[in-house]
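An overview of the molecular structure
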Amino acid sequence: MRRMAGLWAALLLVLALTPVQAGAVELPIQAEAALLMEKETGQVLYAQNEHEALEPASVTKVMTLLLTMEAIEAGSLHYDDVVTVSAYAASMGGSHVYLSEGEQITVDDLLKAVCVASGNDAAVALAECVAGVTELFVEQMNTRAKELGMTDTHFVNCTGLPAEGHVTSAWDIALMSRELIEKHPDIRRYTTIWMDTLRDGTFQLANTNKLIRFYDGATGLKTGSTDSAKYCLSATAEREGMELIAVVLKSPTGQQRFEDAKALLNYGFSTYALLHTVPEEPFPAIPVVLGETETVQPCIDPQEAVALLQKSQAGGLSQSVTLAEQVEAPVSAGQELGTLTLTDAAGETVQSIPIRAAQSVERLTFGTMLRRMLSAAFFAG
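Residues numbered from 1 in each chain as written. Predicted model: local features only at pLDDT ≥ 70, side-chain atom pairs only at ≥ 80, totals over all residues. Heavy atoms only, no water.

1. Focus on the packing of helix 2 (residues 61–74) against helix 7 (residues 170–183)
Close contact between helix 2 and helix 7 brings their axes to 9 Å; oriented N to C, the two are set at 35°. Where helix 2 crosses over helix 7, the two elements pack in a sense that is left-handed. Mapping the contact onto sequence places Val62, Met63, Leu65, Leu66, Met69 and Glu70 in helix 2 and Met176, Ser177, Glu179 and Leu180 in helix 7. Considered class by class, the residues forming the contact of helix 2 with helix 7 number seven nonpolar, one polar and two charged. (Axes fitted to C-alpha atoms, helices over the stretch in contact; angles between N-to-C directions. Helix = DSSP H or I, 4+ residues; strand = E, 2+ residues; numbered from the N terminus. Left-handed = near helix turned anticlockwise from the far one by under 90°. Contact = heavy atoms within 4.5 Å. Nonpolar A, V, L, I, M, F, W, Y, C, P; charged D, E, K, R; others polar.)

The following block contains the structure:
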């Protein structure tokens, strides 16, 4: 049973990293590379040149934001911490919010400056706050990229300003974008801002991601552009409980990157639905032979009960349950006890969800067995 559980987990991982129908449709994408991913399952719905190593421009800052949010999660950094801007941070060119050397600004405002205005100076200030110096921060970026399986990626800086060898891919951007929005949903506090201010209202900010204003359900995430990278975007949006990540790299114009992202998102939302399966009836307790307790309660793991389906499949689903009549102790928590199967109207299996033991049950010891026998004899007498 435990071996089967391991195989099932491995299968889920493979499915999560396998396109559902990537390339099966033609979309009017003008970007050099593109990818559409569903956040919760990690399934890829569309891919085009997804592993081509390209310059990401300021989409690089997704990783900068991820490391910053992880530092906040770990407690080594706080939103209200005050950062003193270094000369190096203040010297950053490209998109910036005109930080000056010695200026004091909170982590909260720096995150806002990065997410809304794509401030390179703010990104460097955050990097120095997290790691001390940007060189160490970039090492952390590359280490984290490896941990996430971003095999097409090599970071040289935390901003995305042009640098030799600073490359990633649409696939890898989707991976780090998913990690950021799934593990750190608080980032939406910043990425969904359309307009705001810094410095007590004296400095205006407008989001470089126009989808926030003009696309229904947009939640983020990061734009980027340089002469060599052209126009890039990692766009996230949520509708009906499903959040999608659309990545486009090297789109020919600033407006076209948004059109490319909208085409990807529209395809995903119109074609797919996220299903969270709940048993139609409670599972009965299963007798445990020679167990310290007489029964074990079956359950399903909510994470294993999620399926991404084409909307044409999502209607008319039926459930069937197969459960073991009994199980012999010892029973491990999570041990597979049966299967909940979903089938569509045509009788095709849509999803098989393992039913697992909700708790462990130790094998009955001789002492416990003897006490039970004595107790039974006492009450019988």
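Further notes follow.
2. Some details on the sheet that holds strand 12 (residues 295–296)
Read across the open sheet, the three strands follow the order 12-11-16; overall the sheet is mixed. This sheet does not close on itself; its edge strands, each paired only once, are strand 12 and strand 16 (327–328). Relative to strand 12, strand 11 (residues 286–289) runs antiparallel, the two sharing two bridges. Note that in strand 12 the partner of isoleucine 286 across the bridge is valine 296. (Pairing = 2+ DSSP bridges.)

3. Details of unusual backbone geometry
Leucine 221 follows glycine 220 through a cis peptide bond whose omega is 20°. Relative to the helices and strands, leucine 221 resides in strand 7 (residues 218–226). For alanine 57, which is not glycine, the phi torsion reads 55° and is therefore positive. Relative to the helices and strands, alanine 57 is located in the loop between strand 2 (44–48) and helix 2. In this structure alanine 57 comes out as buried when scored by relative accessible area, which is 1%. One non-glycine residue with positive phi stands out, namely serine 118, at about 60°. (Buried < 20%, exposed > 50% of the residue type's maximum accessible area, 1.4 Å probe, protein only.)

4. Regarding the environment of threonine 202
On the secondary structure map, threonine 202 appears in the loop between strand 5 (195–198) and strand 6 (203–206). Residue class for threonine 202 comes out exposed when judged on its relative accessible area of 64%. Polar contacts involving the side chain of threonine 202 include one to the main-chain carbonyl oxygen of arginine 199, which spans 2.7 Å. (Polar contact = N/O pair within 3.5 Å; in protein donor to acceptor, adjacent residues only side chain to side chain.)

5. Comments concerning the sheet that holds strand 17 (residues 336–343)
An order of 13-18-17-15 is seen for the four strands of this open sheet, with the pairing classed as antiparallel. Looking at strand neighbours, the two that pair on one side only are strand 13 (298–299) and strand 15 (318–323), the edges of this open sheet.

6. What to know about the packing of aromatic side chains
Scanning the model with the defined rule gives four aromatic pairs in all. Between the aromatic rings of tryptophan 194 and phenylalanine 214, the centroid separation amounts to 6.1 Å while the plane-to-plane angle is 75°, which identifies the pairing as edge-to-face. One end of the pair, tryptophan 194, is in the loop between helix 8 (188–191) and strand 5; the other, phenylalanine 214, is in helix 9 (residues 211–214), with 20 residues separating them in the sequence. Taking 6.0 Å as the distance between ring centres and 85° as the angle between the ring planes, the aromatic pair formed by tyrosine 267 and tyrosine 272 counts as edge-to-face. For tyrosine 267, a relative accessible area of 9% puts it in the buried group. Accessibility expressed as a relative area gives 1% for tyrosine 272, which makes it buried. Looking at arginine 189, its charged tip hangs above the ring of tyrosine 79, at a distance of 4.5 Å from the centre. (Phe/Tyr/Trp six-rings, centres within 6.5 Å; stacked < 30°, edge-to-face > 60°. Lys NZ or Arg CZ within 6 Å of the ring centre and 35° of its normal.)

7. Here's the deal with the layout of surface pockets
Estimated volume of the second largest pocket: approximately 190 Å³. In this structure, the second largest pocket is lined by 16 residues; those nearest its centre are Ser58, Ser95, Ser118, Gly224 and Ser225. Counting residues per element, the lining of the second largest pocket draws most heavily on strand 7, which supplies five residues. Here the residues of the lining of the second largest pocket sort into two nonpolar, twelve polar and two charged. (1 Å grid on protein atoms, 1.4 Å probe; cavity = no way out; pocket = protein on both sides within 12 Å on 5 of 7 lines; lining within 4 Å. Points joined across faces, edges and corners; volume = space filled by probe spheres on them.)

8. Overview of the side chain of glutamate 128
Checked against the element boundaries, glutamate 128 lands in helix 5 (residues 120–131). Despite its burial, glutamate 128 remains without a salt bridge, the nearest opposite charge being carried by arginine 199 at 14 Å. At a separation of 2.7 Å, a polar atom in the side chain of glutamate 128 contacts the side chain of serine 86. Not counting chain neighbours up to four residues away, the residues in contact with glutamate 128 comprise Ser86, Tyr88, Ala89, Val133 and Thr134. (Lys, Arg positive; Asp, Glu negative; His and termini not counted. Salt bridge = Lys/Arg side-chain N within 4 Å of Asp/Glu carboxyl O.)

9. Some remarks on the confidence of the model for the protein chain
Residues with a pLDDT of 70 or more make up 92% of the protein chain, whose mean pLDDT is 92. When the criterion is pLDDT under 50, residues 1–21 qualifies, and its contacts beyond four places in sequence or with other chains add up to 31 contacts. (pLDDT = per-residue confidence, 0-100.)

10. Let's talk about the nonpolar core
With 68 residues, the main nonpolar core has Met63 and Leu111 as its most contacted residues. If sequence neighbours within four positions are ignored, leucine 111 has contacts with Leu65, Thr68, Met69, Ile72, Tyr79, Leu126 and Tyr190. Counting residues in each nonpolar core, the second largest holds 29 residues, with Met242, Ala261, Leu265 and Leu308 among its members. (Core = buried A, V, L, I, M, F, W, Y, C linked by side-chain atoms within 4.5 Å.)

11. Here we look at the pattern of salt bridges
Tallied over the entire structure, the rule returns 16 salt bridges. The salt bridge involving aspartate 216 is made with arginine 239; its shortest N-O contact spans 3.8 Å. Here arginine 239 lies in strand 8 (residues 230–239) and aspartate 216 lies in the loop between helix 9 and strand 7, a separation of 23 residues in the sequence. Look at aspartate 216 and you get exposed, because its relative accessible area is 56%. Taking relative accessible area as the criterion, arginine 239 reaches 26% and is therefore assigned partly exposed. The partner of glutamate 304 in a salt bridge is arginine 356, with the nearest N and O atoms 2.9 Å apart. Here the residue glutamate 304 occupies a position in the loop between strand 13 and strand 14 (306–310), and arginine 356 occupies one in strand 18 (residues 349–357), the gap between them amounting to 52 residues. In this pair, the class of glutamate 304 matches that of arginine 356, namely buried. Among the charged side chains, a network of salt bridges with common partners joins Glu70, Arg144, Glu147, Glu179 and Lys183.

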